[in-house]
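Notes for the structure review
Below, each chain spelled out in residue letters.
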Amino acid sequence: MTAAPPTPVPDRTAPEWRALDAAHHLHPFTDHKALTEQGCRIITRAEGVWLWDSEGTRILDGMAGLWCVNVGYGRRELADAAARQMAELPYYTQFFRTATPPTIELARRLADLTPRGLSHAFFTNSGSEANETAIRMVRHYWALEGQPARTVIIGRDNGYHGSTVAAAAMSGMKAMHRQGGGPVPDFEHIRDPHRFRNGPDQSPEAFGRTAAGWLEEAIQAIGPGRVAAFIGEPIQGVGGLIVPPPGYWAEIQRICANHGILLIADEVTCGFGRTGHWFGSQTFDIRPDIMTLAKGLSSGYMPIAAVMVGQRVARTLIELGGEFAHGFTSSGHPTACAVALENISILDREGLVERVREDVGPYLMERLEGLSGHPLVGEVRGRGLMAGVELVRDKAGPGVFRPVGRVGTHCRDLCFKANAIIRAVGDTMVMAPPLIITRAEIDTLVDTLSRALDQTKRDLPRLMP
């Protein structure tokens, strides 16, 4: 059979793309009325850490897409891995007692890479699905262990674990809880370990103990026999780049162990080199029972995620569980797994994880620390290539802007206009560039933010009358 030529994407002008987008496309996490009035930017190609829009403008991507394009754009090796697998076996299900070689190899590779004891992988398509899977696994585990009352999962304020119904409930994002039918039972939240906001008068070590103690208090209030698990990101990303204080995770670990509670590390954002180690759990010496992965697993080139399951949970699920009635059509998709395998190989052979830890990560933090004296900057924080700059009304106090987010959004928009993608989470300016970023590109990113801060300061009288 002669193959038909590929059908190209139509060649349209930027206004035509914008009109079609407004007519037919609903965007995630977007005010669609405002977007229709303003029109969206059409991104047409990318290379390295740079994007180009439909009008030929070059844009520095300081967010690696959405925390995910760790190896950078335009990696031919990943396109070739997908093409080879698609030509041989583009798809087959992992149901029906079948498996495919890339799926098996990726499970083995992840068992080798992740912290000791996480020996089994369950594949999904997104971080939300991975965390939904973790919820079902945890509750099934406790039922099999003869403790079905253990259903409550404790998260943290401003923790983010996805936008599907249960994952959003497990998240600590109040704005998300107000949409979609109100609170879901058996999800509780404690205050996040954000010292700048929640414990500015304490030393970092003392605040670490205080913040971890909120978990103990919640367990006692709920009842130890009802708590199934605690979930947390090693560094809270979407919640405002919250870096835990010294000793926090060690104390969290001790509390969970003391009550027999499962510990889930959500590594969707922190995983695959972003913190300067393969996983944030290694950066903070966390020993989770379950770890969820996505984003950097394939550098965003294919939708794929995974739940890594430790021996404690896996043994019970395998030996006592019978059929685990859960899964997805594309669980362990062979093409996605082939791309993920090659992505991990790139990270490994190019030493990108070590590069983040020893070179570009420290350099980004050094450059950002240079902004600490700016009148709007209350705190600079981060680890590896995850960084946040907290904007404040009053440097003497944590004087917050009201309404929260107006100043940060204005600063973000100024960065966008200057062709650098820097995210605003409330009034925290957040950066997580591809791991291949150079020092010169970091200079461009930070210099752009510096100019945007200066302009934001000048604009304050009309922003905050």
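Look above for the structure.
Residues numbered from 1 in each chain as written. Predicted model: local features only at pLDDT ≥ 70, side-chain atom pairs only at ≥ 80, totals over all residues. Heavy atoms only, no water.

1. A look at helix α17 (residues 439-463)
Along its 25 residues, α17 runs 33 Å from first to last C-alpha, staying within 8% of the 36 Å computed at 1.5 Å per residue. All buried positions along α17 are accounted for by E441, I442, L445, V446, T448, L449, A452, L453, T456, D459, L460 and L463. (Helix = DSSP H or I, 4+ residues; strand = E, 2+ residues; numbered from the N terminus. Expected span 1.5 Å × (residues − 1). Buried < 20%, exposed > 50% of the residue type's maximum accessible area, 1.4 Å probe, protein only.)

2. Some points on the pairing of strand β10 (residues 305-310)
Most of β10 is tucked away: 6 of the 6 residues are buried. Where strand β4 (residues 118-124) and β10 come together, 6 bridges link them in antiparallel fashion. Considered in β10, the bridge of T124 is made with A305. Sheet topology note: the strand β9 (residues 290-293)/β10 ladder contains 4 bridges and is antiparallel. Bridge pairing in β10 places M291 opposite M308. (Pairing = 2+ DSSP bridges.)

3. Observations concerning the nonpolar core
Core analysis: the biggest nonpolar cluster contains 66 residues, and L106, L110, F272, L297, L368, V389 and L449 have the highest contact counts within it. Counting residues in each nonpolar core, the second largest holds 43 residues, with V69, M173, I255 and M386 among its members. (Core = buried A, V, L, I, M, F, W, Y, C linked by side-chain atoms within 4.5 Å.)

4. A short note on the sheet that holds strand β3 (residues 58-61)
Hydrogen bonding along the main chain pairs the strands of a sheet, whether they run parallel or antiparallel. Strand order in the open sheet made by the 4 strands is β1-β2-β3-β13, with mixed pairing throughout. With one partner strand each, in any of the chains shown, β1 (43-47) and β13 (420-421) form the two edges of the open sheet. Across 3 bridges, the pairing between strand β2 (residues 50-53) and β3 is antiparallel. Paired with W50 across the strands is L60, a residue of β3.

5. Some points on the pattern of salt bridges
Pairs can form between side chains of opposite charge once their charged atoms are near each other. Under the defined criterion, the tally for this structure stands at 23 salt bridges. The partner of D348 in a salt bridge is R109, and the shortest N-O contact between them spans 3.4 Å. One end of the pair, D348, is in helix α14 (residues 334-349); the other, R109, is in helix α5 (residues 101-113), with 239 residues separating them in the sequence. Close ionic contact of E251 with R254 constitutes a salt bridge, the shortest N to O distance being 2.7 Å. Placement of both E251 and R254 in helix α11 (residues 248-259) is noted, with a separation of 3 residues, approximately one turn of the helix. What makes E251 partly exposed here is its relative accessible area of 23%. The exposure class assigned to R254 is partly exposed, which follows from its relative accessible area of 43%. A cluster of three or more residues bridged by salt bridges with shared partners is formed by R75, E77, E342, R349 and E350. (Salt bridge = Lys/Arg side-chain N within 4 Å of Asp/Glu carboxyl O.)

6. Considerations on the environment of S331
Mapping S331 onto the fold places it in the loop between α13 (311-320) and α14. Sequence-wise, S331 and F123 are 208 residues apart; in three dimensions their C-alpha atoms are separated by 5.0 Å. Once residues within four sequence positions are removed from consideration, S331 is found in contact with Q94, F123 and N125. A distance of 3.1 Å separates a polar atom in the side chain of S331 from the backbone oxygen of F123. One polar contact links the side chain of S331 to the main-chain amide nitrogen of F328, over a distance of 3.0 Å. (Contact = heavy atoms within 4.5 Å. Polar contact = N/O pair within 3.5 Å; in protein donor to acceptor, adjacent residues only side chain to side chain.)

7. What to know about the packing of α5 against α14
Viewed as axis vectors pointing N to C, α5 and α14 meet at an angle of 35°, and their least axial separation amounts to 8 Å. α5 and α14 meet at a crossing whose hand is left-handed. Between α5, through P102, T103, E105, L106, R109, L110 and L113, and α14, the contact on the second element is made entirely by P334, C337, A338, A340, L341, I344 and D348. Looking at the contact of α5 with α14 residue by residue, the classes come out as 10 nonpolar, 1 polar and 3 charged. (Axes fitted to C-alpha atoms, helices over the stretch in contact; angles between N-to-C directions. Left-handed = near helix turned anticlockwise from the far one by under 90°. Nonpolar A, V, L, I, M, F, W, Y, C, P; charged D, E, K, R; others polar.)

8. Some thoughts on helix α10 (residues 204-222)
In a regular helix each residue adds 1.5 Å, so 19 residues correspond to 27 Å; α10 covers 28 Å between its end C-alpha atoms and thus fits that length. Where α10 is concerned, the buried positions are A206, F207, G208, A211, A212, G213, W214, L215, A218, I219 and I222. Summarising the contacts, the buried residues of α10 are in contact with β5 (152-156), β6 (187-190), α9 (195-198), β7 (227-232) and α11. Just downstream of α10 lies G223, where phi reads positive at about 110°.

9. Remarks on the layout of surface pockets
Of the voids in this model, the second largest pocket is the one considered here, and its volume is about 770 Å³. Among the secondary structure elements, those contributing two or more residues to the lining of the second largest pocket are α5, β4, α6 (127-144) and α13. Among the elements that make up the lining of the second largest pocket, the one with the highest residue count is β4 (4 residues). Among the residues making up the lining of the second largest pocket, the classes are represented as 13 nonpolar, 11 polar and 2 charged. (1 Å grid on protein atoms, 1.4 Å probe; cavity = no way out; pocket = protein on both sides within 12 Å on 5 of 7 lines; lining within 4 Å. Points joined across faces, edges and corners; volume = space filled by probe spheres on them.)

10. Some words on the state of the cysteines
Disulfide: a covalent bond connecting the sulfur atoms of a pair of cysteines. Taken as a whole and assessed by the stated rule, the structure comprises 0 disulfides. Summary of cysteine pairing: C256 is not part of a disulfide, and the nearest cysteine sulfur, belonging to C270, is at 17 Å. The cysteine C411 is free of any disulfide, with C415 supplying the nearest cysteine sulfur at 4.6 Å. The class of C411 is buried, set by a relative accessible area of 0%. (Disulfide = S-S within 2.5 Å.)

11. As for unusual backbone geometry
Residues R402 and P403 are joined by a peptide bond in cis, for which omega reads 0°. As for its position among the elements, P403 is in the loop between β12 (386-391) and α16 (406-417). Here the phi dihedral of W67 falls at roughly 65°; this positive angle occurs in a residue that is not glycine. Secondary-structure assignment places W67 in helix α3 (residues 64-67). Despite not being glycine, D285 shows a phi value in the positive range, around 55°. Position of D285 relative to the elements: it lies in the loop between α12 (280-283) and β9.

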